[in-house]
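# Report on the structure
Take a look at the letters that make up each chain.
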Amino acid sequence: MGIVFLVVGYIAWQGYPAVVNWFLNGFGMFWDGESNFGVIPTIFSTFYVGAGAVVIATAIGIPTAFYLAEFSSSKIRNLIKPSLETLAGIPSVVMGYFGYFYIVPIVFAYFGGGLGVLSAWIILAIMSLPFVVSISEDAIRAVPNSYREASQGLGATRWQTAWHVVLPEAKSGILTAILLALASVLGETMAVWMVIGPNFNPAITLDPRPPSNVLTTLIAANVGQDAAGVGALNEALYGVALILFMLIGILNIAVTALARRRLSK
Amino acid sequence: MNSYLKSLRTYLKTHEREKIFAGLLICICGGLSASYGILLAVSVVTSGISGSSFLGALPFTDIVADLLLSLLCFATAVPLFLAGYLLAESHYGGIVIAGIFGIGSFITSIFGITIPALGLTISVLCLIGTLLGLWGQRKTIRTKTRAPVIEENVMKLCLRLCGLIAVGCLFFVIAVIFIRGMYSVSWDFVTKPWPVSWSDATAIIEGVKSGIIGIGPQIAGSLLLCGLCELISIPLGLGSAIYLSEYAPQNLLTKVIRFFIETLAGIPSVILGLFGFTFFAHEFGWAQRSLLGGAICLAFMILPWNIRIAEESIKRVSADFKAAAYALGSTKLQTIRHVILAAAAPGILTGILLGFGAAFGEAAVVLFAAGNEGALWPSQLTLTSSDIPTLPGWIYGAFRHLTQSQDVTQGGWREQNVAFAGSLVLIFIFLAVTVAALLVRNHFNKKLAGT
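Residues numbered from 1 in each chain as written. Chains lettered and ligands numbered in written order. Predicted model: local features only at pLDDT ≥ 70, side-chain atom pairs only at ≥ 80, totals over all residues.

### Brief notes about the overall build of chain A
From N to C terminus, chain A includes 10 helices and 0 strands. Going from N to C terminus, chain A has its helices and strands arranged as α-α-α-α-α-α-α-α-α-α. Viewed in the frame of its principal axes, chain A has a C-alpha envelope of about 70 × 50 × 30 Å. Among the 265 residues that make up chain A, the fraction classed as buried is 51%. Sequence-distant contacts, at least 24 apart, represent 76% of the contacts inside chain A between residues at least 6 apart. (Helix = DSSP H or I, 4+ residues; strand = E, 2+ residues; numbered from the N terminus. Buried ≥ 20, exposed ≤ 12 C-beta atoms within 10 Å, placed from the backbone. Contact = placed C-beta atoms within 7 Å.)

### Some details on the overall build of chain B
Regarding its fold elements, chain B presents 18 helices and 0 strands. Residues classed as buried in chain B amount to 44% of the 451 residues present.

### Points about the interface of chain A and chain B
Listed by partner, the interface residues are 67 residues for chain A and 70 residues for chain B. The element contributing the most residues to the side of chain A that touches chain B is helix α4 (residues 92–111) of chain A, with 15 residues. Residues of the side of chain A that touches chain B, tallied by class, amount to 49 nonpolar, 17 polar and 1 charged. (Nonpolar A, V, L, I, M, F, W, Y, C, P; charged D, E, K, R; others polar.)

### Concerning the nonpolar core
By size, the foremost hydrophobic cluster in this structure holds 182 residues, and its most contacted members are A:V195, A:A241, B:L298 and B:I395. Among the elements that make up this core, the one with the highest residue count is helix α5 (residues 117–141) of chain A (17 residues). Excluding its chain neighbours within four sequence positions, the residues that come into contact with B:L298 are B:L225, B:C226, B:C229, B:A359, B:E362 and B:V365. Residues B:L80, B:A88, B:I97 and B:C126 belong to the second largest nonpolar core, which totals 25 residues. (Core = buried A, V, L, I, M, F, W, Y, C linked by C-beta atoms within 7 Å.)

### Notes on the environment of B:D188
All names here are of chain B. Along the polypeptide, D188 turns up in helix α8 (residues 187–191). Counting along the chain gives 23 residues from D188 to G211, while the straight-line C-alpha distance between them is 5.3 Å. Setting aside its immediate chain neighbours within four residues, D188 contacts G211 and G214.

### Focus on the packing of helix α7 (residues 158–187) of chain A against helix α10 (residues 232–264) of chain A
Packed helices, taken two at a time, are described by their axes: the angle between them and the distance between them. All names here are of chain A. At a closest axis distance of 10 Å, the pairing of α7 and α10 adopts a crossing angle of 165°. Classified by the interaxial angle, the pair formed by α7 and α10 is roughly antiparallel. Crossing of α7 against α10: the hand is left-handed. Each of S172, G173, L175, T176, L179, L180, L182, A183, L186 and G187 in α7 lies in contact with α10, whose residues at this interface are L247, I248, L251, N252, A254, V255, L258, A259 and R262. The residue inventory of the contact of α7 with α10, partitioned by class, reads 13 nonpolar, 5 polar and 1 charged. (Axes fitted to C-alpha atoms, helices over the stretch in contact; angles between N-to-C directions. Parallel < 35°, antiparallel > 145°, perpendicular 65-115°, else oblique. Left-handed = near helix turned anticlockwise from the far one by under 90°.)

### Digging into the confidence of the model for chain B
Residue and element names in this part refer to chain B. Scored by pLDDT, chain B has a mean of 75; 80% of the residues are at 70 or more. The weakest mean pLDDT in chain B belongs to helix α3 (residues 52–55) at 42; the strongest belongs to helix α10 (residues 216–247) at 85. Note on residues 407–411: pLDDT is under 50 here. Beyond four places in sequence and across chains, it has 15 contacts. Both scores are available for the predicted complex, with the pTM at 0.74 and the ipTM at 0.84. (pLDDT = per-residue confidence, 0-100.)

### Examining the environment of B:C169
If you trace the backbone, B:C169 turns up in helix α7 (residues 147–181). Since 16 C-beta atoms lie within 10 Å of it, B:C169 is described here as partly exposed. Apart from the residues within four sequence positions on either side, B:C169 is in contact with A:I126 and A:L129.

### Quick word on the confidence of the model for chain A
Residues of chain A with pLDDT of at least 70 account for 91%, and the chain-wide mean is 81. Mean pLDDT across the elements of chain A bottoms out in helix α1 (residues 2–25) of chain A (72) and peaks in α5(A) (88).

### Some details on the packing of helix α11 (residues 252–266) of chain B against helix α13 (residues 291–316) of chain B
Residues and elements named next belong to chain B. Where α11 contacts α13, the two axes come as close as 8 Å, and the packing angle between them is 130°. In terms of orientation, α11 lies oblique with respect to α13. Seen along the crossing, α11 lies across α13 with a hand that is left-handed. On α13, the residues touching I261, L264 and A265 of α11 are F300, L303, P304 and I307. Here the contact of α11 with α13 is composed, by residue class, of 7 nonpolar, no polar and no charged.

### What about α10(B)?
Taking 1.5 Å of rise per residue, 32 residues should cover 46 Å, and α10(B) covers 45 Å from first to last C-alpha, within 8% of that figure. Remark: the principal bend of α10(B), roughly 30°, maps to B:S233, with a proline, B:P235, within the next four residues. (Expected span 1.5 Å × (residues − 1). Bend = angle between axes of the 7 residues up to and from the residue.)

Okay, here's the thing in structure tokens:
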């Protein structure tokens, strides 16, 4: 257990001066890696990238989960679900490499831009799809069969049953899936790094085309710039790590609370 | 011929005219899209030049991107034909798909999409078809109500489409990596050393072709790193799992411990990389990237999974086994060693293998804490001072060199293929480990169920 304390403690110990400094003097709008360590644009862009990717993954993943759980034959389900779960583990560096050569050109051709938030959305959505499908499928299948039988006994079609009976029951499970996907997307590094730019000072805009930056890529692109490992940059990086860690911690706590509420129900 | 005419006439009689017309319009859109795809593919394949010179106004300079676009045209043609048919059959799905395509192609042609003329034509035709379909549908609803069944079928279709997209995306990724990587993979490629730099393109291509260079050290380095990481995490994980499930009382301390394990699971890998990069160098004076430091950080990463899976499989051991062991007079330690661990072994082994797979594919930790550009064989490495070669690090290095100061659509095709081959090897090892884990689990589950 000491290990966990060691890691978390070290990050907190190294990162807290920067965070305190941010809270006292404002988070700043400009990052040059030497004396200005403004992270507001990056934090904004982190949320924007995370939210967009999760929306895409949800829009495709949850209907897929419904199809697998409610409409498909068990043969199809037994084929698709394990393969999706296995594919979930495609290393992110490979996904990033693929994304650079296949998603970025397509985005570039159709929307302009190329390296940027839009490419990151797509690659992150593909990466978190298996997550969303697998967890929400479990949640949908956990709805007792008697509910479905009762609904269909009243003359409802399968779709009406799925929409009016199963979905409200499985709602909290699906929400858990979405939050977990968000946590994994926020923590994703390599694939985003390879397709998003990075640009340390992204404009605060809703246009998803220009190169941007998220907290993880900010860390990744700056590790090793500070050779001595003791300077201001290092401190700022640990500050960024601490913020990211807290964000994901909050998400995980929310997930745990949701699960507990569902169990007690 | 006559019978065809007859069936056509009955079809026209049983279906409303505006719907058939709408369906025809949408099918024409599909035809346009498909024929554009064919033209593009033919022009690229026969002349070997990109479609930009053939049809004009294309920002592509890459033949592959052109082929992809023609594939995309075919892919859009299929749902368009489907929508046309559905419209004629008075399904809502047809209207929805046609509407989406109408709006979508309008937006994309405004966005400065490639072929404004084609895009605008398709969007106008689609929107007219949608409106006609809607009008026809209103008439239908007034006359007869078949809504629930139609709704059922349409929604089922939409759900199935989503499923196809989801599975299709992932299989597309795998297919691309496999197709582009497989030419370079050979026995030499996975065993020979890598003495060249990525900036020397001809050396790489020739070397791989004649089997002189390969990624042997990288594979060996990755395996060694993950093996060391398992050596660190297995005792820790197993010990914690046994303690948590067998010894620990249900009190505040256990809860805190569990909470911290969850927290550790939530640390993004790049933070562990940052930690490994500075902590060991700063506090112990090791190199910034080292074998032991990387292995320790990777062990932190997979530890929570190991603990969780091991704990679960220990808990699943039936209480009868334990009771029988105690009844035979064994002590608690003996019970744990000879009964519980034996019965929980397959689950624990599955967890270890899954952890190994996760560690093997992890790049962010490895890149910062273990090494990226080294080229030494494992026998030449030292524990705390050398930058060790790893497969994810190699792929990332390839990526950086191949994309440096180059336009998005350019870059050497064959060098890219070599890096795809590395990715293929990485995925292959990862999948092999994962499948082995699943097989172990299934095998023992069956055995347990059988006895």
